[in-house]
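Listed here are the chains, written in short residue letters.
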Amino acid sequence: MNNRKENTSLLIKGGHLIDPAARIDAPMDVLLKDGRVAEVAPPNKIKSADEKFDARGLIVAPGFIDLHVHLREPGQTYKETIATGTAAAAAGGFTSVCTMPNTVPVVDSVEWIEWLRQPERGAVVNVFGIAAATRASKGAALTDFRALHTAGAVAVTDDGKPILDDRIMREALILGGELNFPVVQHAEDTRMTENCSMHAGARSFRLGLRGMTAAAEASIVERDVQLAMQIPNARLHVAHLSTADALKSVRRGKRAKARVTFEVTPHHFTLTDEDMRDYDSNYKMNPPLRSASDLEAILAALADGTVDAIATDHAPHAAHEKEMEFERAAFGITGLETALALAITRLHREKRIPLARIVELFTAGPARCFDLRGRGSLVRGSVADVTIFDPKKKWTFDVAKSRSKSKNTPFDGWQLTGKVVATMVGGKIVYSA
Ligand code: DOR
Ligand code: ZN
């Protein structure tokens, strides 16, 4: 981040503050100074500031955190760069993103973790590196967790692929437990999903496509939760959980007080396999869109407090990697700029999940998953990362205007409610509508 500019104070005035970690859901003014939250007070109590931001009619929230973003650097800058991906993040209200290591080369060393953070990358929001769990994510030998942790990696994962081998996953959870380092699992038993391109169900049968069963996800989650229950201090984070069966295992682990957290994506709480237009690869991602009953189970877990975080799995791909036969097209969709609006539209307006819970899923929840200290709340002394949004604003998503380099989304042209108005990082406005 660029901290060279002179620091001035900024008063966010007249807004409604939702800060779930601080249990605040009330009209409040917020004063940002020297990159920190200097004061939070009822309306009109804070008098002086160099600059003011008029937040009347708007929700003021801690800066949103996305635990699962593919920024594609190093190596695949034709899909996305740290500069373009973080610009899309800022437009989506995210002040912090955790970037996945399935790049070219794989981010499996201290050098690459440090490289991600260099100012030359042009990030406009905070970038936290997630390192590979195994060397080159080949699943055979663990990376140097201790060195990566010390270098500032926030978690380890082989995302894009699972950590399949029982012995390697056990070792990862043991070592991660000793270091208080979360191990992020892409839960897919790839022995069961070879050549599959969507969810296994009536729809895949009709389309003549080989389908991934729910069991291919649930069996890995069940194994991992069992390990997390056995290994002292192990921290398991399940990426993009998509099935009701996997959710059952996670619920069991949480009840047993194992340190198990998980995220769900906006597309998995919005769409099912039946929504997929025929052979449209903008509906192709991994894990795939699931059944209506899986979606219902995820909605219940979002509402009842079980889900820890909403994460986008923003996975940009170039047009030439998507415009081909469905089975050959790349897995993944973009998601940074539509996440909040999908949450407000589907979860708040349709399912009546309170806004405070939705804000928690974008802030305090993810901050806890990866121990992002000083973030996820606006209590005095926190980092001055703020997301300001209008929960009532209706708008239409136009992918042609996306900040991302890639346009692979099923949500182009969707009418949504809830729009980001401003995003502030370290007290500076990095996006305003
Ligand atoms: O859809 C996906 N895209 N799932 C993954 O696990 C990887 C990701 C990517 O890197 O494109
Ligand atoms: Zn994944």
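Notes on the structure in this doc start here. (Residues numbered from 1 in each chain as written. Chains lettered and ligands numbered in written order. Predicted model: local features only at pLDDT ≥ 70, side-chain atom pairs only at ≥ 80, totals over all residues. Heavy atoms only, no water.)

1. Brief notes about the pattern of salt bridges
Part 1: The final tally for this structure, using the stated rule, is 21 salt bridges.
Part 2: In this structure, Arg 206 engages Glu 274 in a salt bridge whose closest nitrogen and oxygen atoms are separated by 3.0 Å. Residue Arg 206 is located in helix H5 (residues 202-207), and its partner Glu 274 is located in the loop between helix H8 (266-270) and helix H9 (292-304); the two are separated by 68 residues in the primary sequence.
Part 3: Each of Asp 166, Arg 223 and Asp 224 takes part in one network of salt bridges that share partners. (Salt bridge = Lys/Arg side-chain N within 4 Å of Asp/Glu carboxyl O. Helix = DSSP H or I, 4+ residues; strand = E, 2+ residues; numbered from the N terminus.)

2. Describing the site of ligand 1
Part 1: Among the 13 residues in the neighbourhood of ligand 1, the closest are listed as Arg 72, Asn 102, His 186, Asn 286 and His 317.
Part 2: One of the side-chain nitrogen or oxygen atoms of Arg 72 is found 2.7 Å away from an oxygen atom of ligand 1.
Part 3: Side-chain polar atom of His 317 to an oxygen atom of ligand 1: 2.9 Å apart, as the coordinates give it.
Part 4: Considered on its own, ligand 1 offers 290 Å² of accessible surface; in the complex 93% of this is hidden by protein.
Part 5: Residue classes in the shell around ligand 1 are distributed as three nonpolar, seven polar and three charged. (Near = heavy atom within 4 Å. Polar contact = N/O pair within 3.5 Å; in protein donor to acceptor, adjacent residues only side chain to side chain. Areas by Shrake-Rupley, 256 points an atom, 1.4 Å probe, with all protein chains shown as cover. Nonpolar A, V, L, I, M, F, W, Y, C, P; charged D, E, K, R; others polar.)

3. Here's the deal with unusual backbone geometry
Part 1: Here the residue pair Glu 73 and Pro 74 is connected by a cis peptide bond, since its omega of 5° sits within 30 degrees of zero.
Part 2: Relative to the elements of secondary structure, Pro 74 occurs in the loop between strand S8 (64-69) and helix H1 (82-91).
Part 3: Of the consecutive residues Val 104 and Pro 105, the connecting peptide bond is found in the cis state with omega at 0°.
Part 4: Position of Pro 105 relative to the elements: it lies in the loop between strand S9 (94-99) and helix H2 (110-116).
Part 5: Its identity is not glycine, yet Arg 72 carries a phi of approximately 70°, on the positive side.
Part 6: For Arg 72, the position within the fold is in the loop between S8 and H1.
Part 7: Positioned with a positive phi, Asp 313 is a non-glycine residue whose angle comes to about 55°.
Part 8: Of note, Asp 313 is situated in the loop between strand S17 (309-310) and helix H10 (319-322).

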